[in-house]
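Spelled out, the chains give:
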Amino acid sequence: MIQFRKNSYAVRLLYYLSLCGEFPYHSISLLGEHPRCLVRVIRKMKDESYISLIGKGKYKTIRLMSSGIKTIKNVLGKNYYEHYMQITNNNHFVGCGFSKKHISQGEKITLRNHRVAEILCMADCIGCSVFPFQKPKLSPYLNPQLTNRNLYFYTSKELKNVDPNQKKKVSFTRLVGTFFLPGGAFNCYNINDKTIKWQNYGENKMQYLIKEIAKNNVVHYERKWKIMDMESAFIFGKNDKAILKILNEKQKKQHRTEDFEYLSLDGVYKNLYYIPLNSHGKNMLKLFSKIDWYPKMIKILFGDNIDWKKHLNDYYDIETSKYKIVVFLSGNLKNIKYTKNIIPFENKLHFIVCFAYQQEFLQTYFEDTNVKIKVVNEINFYKSFLKEDSYKC
């Protein structure tokens, strides 16, 4: 018989199902460091009718049954139970069962829920307030309540409902949600293992809406957040090949016939950070939990002797008369794309600083170039960066 002890995998699974409604089976590694233990717990909970497994392959999803829903109320509390019932429309899933007649609609809804669930899990693991009862309700009018000392995550559904007058203009955006972190406000997109359908017009409208929300809801916006990052976005994914395809794709003016559109690296956002959906990605998100994350990162890498402000420009982190250095620890895609485009026209040496898990991706992208890749020890770096902080995961 399954035991719902505090901090156990069984309770953790209930917690995330109450948060997300359903969770992708192929992403259970996000829930803990021991996926095999999670598989055993899931099997036991399924046998005892707490949860059900529906679908196959990438559509395989974990959902609660009636006894599991009652357990949420008893183990986690009334607030978690009410949130689950609200987001699932009283435990009713549209497209449930994947019948042949409605398989396309069922798949689309499930995949959408999976993408949101993965980001909610990542946000919760770095200490973001994710449940509605844990964070302030956003207002379309001036009502400062978000502080830049705390971490918040709001889903696109929550953001679109802030201002009913703007809802129709941003209804087709690919945005999953927005992180309000000490390092800035970052819109996030989850491509998982595929490319993304992208419309500059819709995303520009959404970015404008997020800026207006920040101005009305962030405490001391004019003094603090105005100088912080409001022009960047996170791209979450599981497959480096999809990112390479996006980076190597050339923009065409005529109508596209492929199954995806060009991801704009020049139009909507000043910076696009690629965050992998794994433990490495959780560590990367912790970078942005500091207001001064960028100078602190440069200081750890190069010491106090170098004047990073003197050499900094839009794409290179350090530049001298002999070489240029790009720091890829934050996963900024625009920097490496610009670097690759400018290499044929310069005689300087180019260095890319990265973690070990990013090395293969960069070697593939900079193939047949003279770029030198330098690897930084990930564990030692984060020990220096987060030595005074404590996190949930």
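Please refer to the structure placed before this passage.
Report on the accompanying structure.

Calculation notes
Residues numbered from 1 in each chain as written. Predicted model: local features only at pLDDT ≥ 70, side-chain atom pairs only at ≥ 80, totals over all residues. Heavy atoms only, no water. Patch = residues over 30% accessible without salt bridge, like charges linked within 9 Å, V, L, I, M, F, W, Y side chains within 5 Å. Areas by Shrake-Rupley, 256 points an atom, 1.4 Å probe, with all protein chains shown as cover. Salt bridge = Lys/Arg side-chain N within 4 Å of Asp/Glu carboxyl O. Lys, Arg positive; Asp, Glu negative; His and termini not counted. Charge placed at Lys NZ, Arg CZ, Asp CG, Glu CD. Helix = DSSP H or I, 4+ residues; strand = E, 2+ residues; numbered from the N terminus. Buried < 20%, exposed > 50% of the residue type's maximum accessible area, 1.4 Å probe, protein only. Axes fitted to C-alpha atoms, helices over the stretch in contact; angles between N-to-C directions. Parallel < 35°, antiparallel > 145°, perpendicular 65-115°, else oblique. Left-handed = near helix turned anticlockwise from the far one by under 90°. Contact = heavy atoms within 4.5 Å. Pairing = 2+ DSSP bridges. Nonpolar A, V, L, I, M, F, W, Y, C, P; charged D, E, K, R; others polar. Polar contact = N/O pair within 3.5 Å; in protein donor to acceptor, adjacent residues only side chain to side chain. 1 Å grid on protein atoms, 1.4 Å probe; cavity = no way out; pocket = protein on both sides within 12 Å on 5 of 7 lines; lining within 4 Å. Points joined across faces, edges and corners; volume = space filled by probe spheres on them.

1. Some thoughts on a positive patch on the surface
Taken together, Arg36, Arg40, Arg43 and Lys44 make up a surface patch of like positive charges. Tracing the chain through its elements places arginine 36 in helix α2 (residues 35-47). By relative accessible area, which is 72% here, arginine 36 ends up exposed.

2. Thoughts on the packing of helix α9 (residues 279-287) against helix α14 (residues 378-385)
Between α9 and α14, the least distance of the axes is 11 Å, while the angle of their chain directions is 30°. Classified by the interaxial angle, the pair formed by α9 and α14 is roughly parallel. Here α9 runs over α14; the crossing is left-handed. Contacts between α9 and α14 involve His280, Asn283, Met284, Lys286 and Leu287 on the former and, on the latter, Glu378, Phe381, Tyr382 and Phe385.

3. So, the pairing of strand β3 (residues 61-64)
The side chains of a regular strand alternate, first on one face of the sheet and then on the other. Where burial is concerned, the two faces of β3 agree: the one with Thr61 and Arg63 and the one with Ile62 and Leu64 are both buried. Direction of pairing for strand β1 (residues 22-24) relative to β3: antiparallel, over a ladder of three bridges. Following the sheet pairing, phenylalanine 23 is matched in β3 by isoleucine 62. Two elements, strand β2 (residues 51-54) and β3, share four bridges in a ladder whose sense is antiparallel. Note that in β3 the partner of leucine 53 across the bridge is isoleucine 62. Between β2 and the antiparallel strand that follows it, β3, lie six residues; glycine 55 among them carries a positive phi value of about 90°.

4. Comments concerning the packing of helix α8 (residues 240-248) against helix α13 (residues 356-365)
Relative orientation of the contacting elements α8 and α13 amounts to 30°, with a least axis distance of 11 Å. When the axis of α8 is compared with that of α13, the two are roughly parallel. At the point where α8 passes α13, the crossing takes the right-handed sense. Across the interface between the two elements, Asp240, Ile243, Leu244, Leu247 and Asn248 from α8 touch Phe361, Thr364 and Tyr365 from α13. Here the contact of α8 with α13 is composed, by residue class, of five nonpolar, two polar and one charged.

5. With respect to helix α12 (residues 333-342)
Burial analysis of α12 places seven of its ten residues in the buried class, the great majority of the element. Along α12, the residues that are buried comprise Leu333, Lys334, Asn335, Ile336, Lys337, Thr339 and Ile342. The distance from a side-chain oxygen at the start of α12 to the backbone nitrogen of lysine 334 is 3.2 Å, and the residue carrying that oxygen is asparagine 332.

6. Thoughts on the environment of leucine 362
Its location among the elements puts leucine 362 in helix α13. Distance in space between the C-alpha atoms of leucine 362 and isoleucine 373 is 7.9 Å, their sequence separation being eleven residues.

7. Let's talk about the layout of surface pockets
Here the largest pocket is characterised by a volume of approximately 1200 Å³. As for the largest pocket, its lining consists of 37 residues, of which Ile87, Thr155, Lys157, Glu158 and Asn161 are closest to the centre. Elements supplying a minimum of two residues to the lining of the largest pocket: α1 (9-20), α4 (78-87), α5 (103-125), β4 (152-155) and α6 (156-160). If one sorts the elements of the lining of the largest pocket by residue count, α5 sits on top with six residues. Taken together, the residues that form the lining of the largest pocket break down as 16 nonpolar, twelve polar and nine charged.

8. Some points on the pattern of salt bridges
A complete count under the given rule lists nine salt bridges for this structure. Of the charged contacts in the structure, one is a salt bridge between glutamate 346 and lysine 324, with a shortest N-O distance of 2.7 Å. With a gap of 22 residues between them, glutamate 346 in the loop between α12 and β11 (349-355) and lysine 324 in strand β10 (residues 323-327) connect regions that are remote in the sequence. For glutamate 346, a relative accessible area of 24% translates into the label partly exposed. Residues joined in a network through salt bridges with shared partners are Glu319, Lys324, Glu346 and Lys348.

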